[in-house]
Each structure stands twice: as C-alpha cells, then as structure tokens.
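What follows is each chain in one-letter form.
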Amino acid sequence: MSDKQQGFSSSFGAIMAAVGSAVGLGNIWRFPYIMGQYGGGAFLLVYLAFVFLIGMVLMMTEFVIGRRSQHTPAKAFVYNRPDRKGWRFLGYLCVFTCLMIISQYVVLSGWTTNYIVDSATGTLASLQTSEIGTHFSNFITHPWLPVMYLIIFTVITAVIILGGVQKGIEAVSKVLMPVLLVLVLVLCVRSITLPNSSVGLSYLFSPDFSKLSGEGVLAALGQALFSLSVGMGTMIVYGSYIPANDNIFKTAMLITASDTLIAVLAGVAIFPAVFSFGQDPASGPGLVFQVLPTVFNSMGGIGTVFAVMFFFLLALAALTSAISLLETIVAWLCESSSVNRYKSTIIVTLVVLAVGSVCALSDGLLGGVKILNKSIFGFVDDLNSIYLPPICAIGTVIFFGWQMKKEDIIDELSNHGALKIGYFKAFYFLVRYVAPIALLVVLFTSIYASLFPNN
Ligand code: PHE
C-alpha cells in the first residue's frame, strides 16, 4: 500500500491537519482587514452565512469525493463516475490551481520569514517610523533576498512532506495548531489591554451596513472559500486521508468553526493595537509589513517580543497551509506516475521554487516583464483570486450535485448507514442549487469587475 492510502492515524490528527490547511495567511492577514473595510459586524454576518452554507458544504463534498475514491482529484472524480472520463480534466485543473496558489503563497510566506528574522535581530526595532515603508520596498525589490527566504520556507515545507502523511503532516499539525492558538490568544490579550482598545474593537465589530457593498458581499464569499481551502482539490486529498469511521459532517463543522474563530481572533489581535497607537488600518501587505512594525516599535522594548511572536504566528499558519497545497501536487504526481513519494516531493518542490521565484522577483529584477499588462505577481494573483478557484469550485459542486450518484453520497456521509444524516436534504439542496448559482455570480461579477474596473 502506498503512503498515500495510509491516511491520518486519528480523528484529532485529521482535524488538526485540515485546520492547519484552512488557517493561513488568509485568516491572519486578509480576513481582519477586509472585515474592517467592509463594515465590521455587517461583513461578519454575511461571511458567517457563506462560510457555513457554502464553504462548509463544499468542504463536505470534497471530503466525500476524496474519502470514497481514496484518490487525488485527477482520479477521484472519475472514480465516482467511471463512465464520464472527461471529469479528469477538472482534477488536473485543481492540481494546476494548487500549483499557482502555492507559488504565490511561498512569496508572501518568504516575506514573513524574513520579518521574523528582522524583528528577532532588532533590525525592525531600529527603524524610524518613516523608514519602515522603505525597508519593506527595498526588501521586496531586492535582487535575491526574497528568493532566498522563499527557498528557506519552501524547503521547510518540503521536509515535512517528506516525513509522510502521518509522521510529517499529521505530527507537525498536532503540535503547531495548539501553539498557534496560544500565540493568537497572547497577542489578543496584549491588544485589548492597550489604552483605547475599544476604538479598534468597534472598528472591527460594530456593524456598518453602508460599508457592506456588493463588492463586500463578493469578497465575503471569495474569502470564505479561500479561507477554508476549498475549491482546488486540497480537501479531496485530505478527505482521502480521513479515517473511515469519522463523521464527515462533524469534522467539517469543527474545521469551519475553528477557522472562523482564528480569523476573528486575528482581527482582535491586530486592530485594537493599530488604533491604540494612532495608526491607520491599511489593507494588503501594508497592514502586516508596515503598519504593524510601527505599532510594535511604539510598544518599546517589549514590542520586539510581540513582533517576533506575530511574524512567527503568521509563518506557522502559512506553513501548514503550504503543506496541504504541496501535498496535493505531490500526491497527484505519485499517483499518476511511477515516481515514488520522495522523488515526487523533490520534483514538485523544484517546480514550485522556480515558479515562486519568478513571482518573487516580479517587483524587482523582473519588474519590466508584463503579462496582459500586469506584473507577473499581479497576473498570478488574478488567476488565483478571480478565475481558477471559482471555476474549480463550480466544477466540483456540479459534479457532486448532478453527476455523482445520490446513493453513493448518502452511503459515504452516513458511513455506510451507521450514522443518521438528518441534514441531508438541506445539504443536497445547497450543493445542487445555492452553491453553483452563488459561485457563478461571483465568477462573472469578478471577471466583469476586473475587465471594466471603472464601472
Ligand atoms: N486556507 C488558506 C489560508 O487561509 C489558503 C489555502 C487555500 C490553503 C487553498 C490550501 C488550499 O490562507
């Protein structure tokens, strides 16, 4: 039996690994600022609806497809519908999407790794507020530093994958996830005990429906999918590792709740501190790499400790997510060729390093290179945020809702009749109608918005 079919050894391990995949840069960096930007509590309500009604439903479909087939996406769809071989292309598209996402992900993770070093060595602490922005742009445009940190981060990810599903991914996730929770909690306590923390809390939570535009609703759905790591086959692969007698509904529920909790806690760790020191809540990389270092510097000496903690937290979150992305591609290569797991890991890692490095240099050495009028990083970002994940997600729900046999789905969700699945009707309705329509709306509106930015 190959290592792939070995799977996770326990329910706890399976949940920690999947939470590890879900909790990533998306939670700690992206969620807080989009929540603040689109009306705080108002955004949170919409987000909660999407995350449970569409994101979690998608996660369950991926778990069912994966666990039933014991395959990666390339074979999993066809296993569940052997007479329609064309569905394998959806599998390939999922694997390609993972490659594009991880190539961009390791760039940002490399930046984070560099900031652990810069905060631990006191470099950040020695900067004046006015120098923090320049420090960041000098770093990302540097001819080789971003690539060096990207390599460090990717190699650490690959070493864990080499350890295998149980001794690598599961073992590491079981340790890192609790550590991550502790770090977030410590940072939350620091943040809410600062003077005037209530300003940040109210920025984050008080519902302002006027800021929740159509754009905010779209962002909420996109974020819900990205944050739960669904719509690109990762959860099909992890689904194939879930123990046979685990309750898929409960597992997905726990993962979804933990992911959302960590995202909200990240907001609590960030915004009260930002407002307490009179900073503006920037969006995008500016928040994490410019505003927060300024905040940590304002805390005095102890700020260094919190800076190291924060960037370490971000890197840990990124690591377990990168692991799941790399694992999806490695498992696919092992499955579809005679290359063993060790060699597959090396090959896939080299490809990720190559594509990732090109992305990393797109602000510096390769700054002149444009694809469709965008920088390389911008182009990959468009692929990853507008096109690939929604297309894979739509394919997956259509496959599940309209191609897979209903009896097979019931059989898998109920663990061959052992569990009661009273939620089934509602679930099936969501997968067949609500999810495809919502996803199509997101896909078309975001394509439209990106083609006609001024409308
Ligand atoms: N869920 C991760 C995050 O929030 C990103 C991710 C997407 C990981 C898809 C795996 C697959 O950062």
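Please refer to the structure placed before this passage.
A brief look at the structure comes next. The structure presented is a predicted model; accordingly, all values stated were derived computationally and were not measured.

Right, let's get into the state of the cysteines. Applying the stated criterion to the full structure yields zero disulfides. Considering cysteine sulfurs only, Cys98 is the nearest to Cys359, which forms no disulfide, with 15 Å between them.

Another aspect to go through is helix H11 (residues 214–227). With 14 residues, H11 ought to run about 20 Å at 1.5 Å a step, and its terminal C-alpha atoms sit 20 Å apart, in line with that. For H11, the set of buried residues is Gly216, Ala219, Ala220, Leu221, Gln223, Ala224, Leu225 and Ser227. Tucked into the core, H11 has its buried residues touching helix H2 (11–22), helix H3 (25–37), helix H4 (41–69), helix H13 (248–276) and helix H19 (424–451). Two residues or fewer past H11, Ser229 is found with a positive phi of approximately 55 degrees.

Here the focus is the nonpolar core. Core analysis: the biggest nonpolar cluster contains 166 residues, and Phe43, Leu180, Tyr238, Phe310, Phe311, Leu413 and Phe427 have the highest contact counts within it. Tallying contributions element by element places helix H15 (residues 302–336) first for this core, with 19 residues. Those residues in contact with Phe427 that sit more than four places away from it in its chain are Val57, Met60, Thr61, Phe400, Ile409 and Leu413.

It is at 9 Å that the axes of H4 and helix H5 (residues 73–80) come closest, and there the two elements cross at 85 degrees. As summarised for this structure, H4 and H5 are arranged roughly perpendicular, according to the angle between their axes. Contacts from Ile65, Arg68 and Ser69 in H4 reach Ala76, Phe77, Tyr79 and Asn80 in H5. Per-class residue counts for the contact of H4 with H5 are four nonpolar, two polar and one charged.

Before going further, it helps to examine the pattern of salt bridges. Scanning the model with the defined rule gives eight salt bridges in all. Glu170 is paired through a salt bridge with Lys174; the nearest N and O atoms lie 3.8 Å apart. One end of the pair, Glu170, and the other, Lys174, are both in helix H9 (residues 165–192), four residues apart, so they sit about a helical turn from each other. When the shortest N-O distance is used, the salt bridge between Arg341 and Glu327 registers 2.7 Å. With Arg341 in helix H16 (residues 341–360) and Glu327 in helix H15, this pair connects stretches of sequence that are 14 residues apart. There is no split in this pair, since Arg341 and Glu327 are both buried.

Next up on the list: H19. Along its 28 residues, H19 runs 39 Å from first to last C-alpha, staying within 8% of the 40 Å computed at 1.5 Å per residue. Taken as a whole, H19 carries its principal kink of about 40 degrees at Leu430.

How each quantity is defined
Residues numbered from 1 in each chain as written. Predicted model: local features only at pLDDT ≥ 70, side-chain atom pairs only at ≥ 80, totals over all residues. Heavy atoms only, no water. Disulfide = S-S within 2.5 Å. Helix = DSSP H or I, 4+ residues; strand = E, 2+ residues; numbered from the N terminus. Expected span 1.5 Å × (residues − 1). Buried < 20%, exposed > 50% of the residue type's maximum accessible area, 1.4 Å probe, protein only. Contact = heavy atoms within 4.5 Å. Core = buried A, V, L, I, M, F, W, Y, C linked by side-chain atoms within 4.5 Å. Axes fitted to C-alpha atoms, helices over the stretch in contact; angles between N-to-C directions. Parallel < 35°, antiparallel > 145°, perpendicular 65-115°, else oblique. Nonpolar A, V, L, I, M, F, W, Y, C, P; charged D, E, K, R; others polar. Salt bridge = Lys/Arg side-chain N within 4 Å of Asp/Glu carboxyl O. Bend = angle between axes of the 7 residues up to and from the residue.

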